[in-house]
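# Observations on chain architecture
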Amino acid sequence: MFDPSRDQARGFFFETWRKYRAAIPLAGLETIGLEVMLLHPEYHRVLDDPERYSTQEYFPEAGETNPFLHMSLHLALEEQLSIDQPPGIARHVAALAGRHGERHAALHEALECLAETVWRAQRDRAPPDAAAYLECLERRARG
């Protein structure tokens with residue numbers, strides 16, 4: 001899933017969820033994806049209905065959260081944490097978890113930094129700024 005299209009990313013989540021519900025073994029990224037999906041029961045009705053939601057549009061300006069984008073950011077963050085890339089991210093997220101008292105809330109706060117970093121890179125048509133990303137995480141970890 002290096003650079004999947006919207007349909008491919010959504011298909012990954014729908015297929016992983018289908019396999020989970022059918023008790024079909026998961027492999028690789030699917031296992032991490034399932035962990036993310038299980039952390040978000042509010043998205044299970046979406047995952048149960050690919051016919052309806054595979055092309056659903058979400059409008060942040062109307063207060064809508066795109067569940068597929070949210071879960072994709074979770075996957076990206078988990079990958080970053082697994083290899084501590086950019087260097088120091090694992091330490092910052094651990095500090096956030098200590099501040100929050102639980103990992104999931106810390107991940108959501110880190111996701112805000114990741115989403116901002118990705119948005120700025122897209123807006124500026126530049127690579128993501130790892131230093132700014134880590135600074136955002138550090139600021140949030142300090143409270």
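Up top you'll find the structure we're talking about.
Below is a summary of the structure that appears in this document. (Residues numbered from 1 in each chain as written. Predicted model: local features only at pLDDT ≥ 70, side-chain atom pairs only at ≥ 80, totals over all residues. Heavy atoms only, no water.)

### Section: the overall build of the protein chain
Scanning the protein chain from terminus to terminus reveals eight helices and zero strands. Reading the secondary structure of the protein chain in the N-to-C direction produces α-α-α-α-α-α-α-α. Taken over C-alpha atoms, the radius of gyration comes to 16 Å for the protein chain, in line with the 15 Å a tight globule of 143 residues would show. Taken along the three principal axes of its C-alpha coordinates, the protein chain extends 40 × 30 × 30 Å. Looking at the protein chain as a whole, 37% of its 143 residues are labelled buried. Considering only intrachain contacts with a sequence separation of at least 6, the fraction spanning at least 24 residues in the protein chain is 59%. For the protein chain, the exposed area adds up to about 8,600 Å²; of that, 53% sits on carbon and sulfur atoms. Once the 16 positive and 23 negative side-chain charges of the protein chain are each reduced to a mean point, those two points are 2 Å apart. (Helix = DSSP H or I, 4+ residues; strand = E, 2+ residues; numbered from the N terminus. Rg over C-alpha atoms; globule rule 2.2 N^0.38 Å. Buried < 20%, exposed > 50% of the residue type's maximum accessible area, 1.4 Å probe, protein only. Contact = heavy atoms within 4.5 Å. Areas by Shrake-Rupley, 256 points an atom, 1.4 Å probe, with all protein chains shown as cover. Lys, Arg positive; Asp, Glu negative; His and termini not counted. Charge placed at Lys NZ, Arg CZ, Asp CG, Glu CD.)

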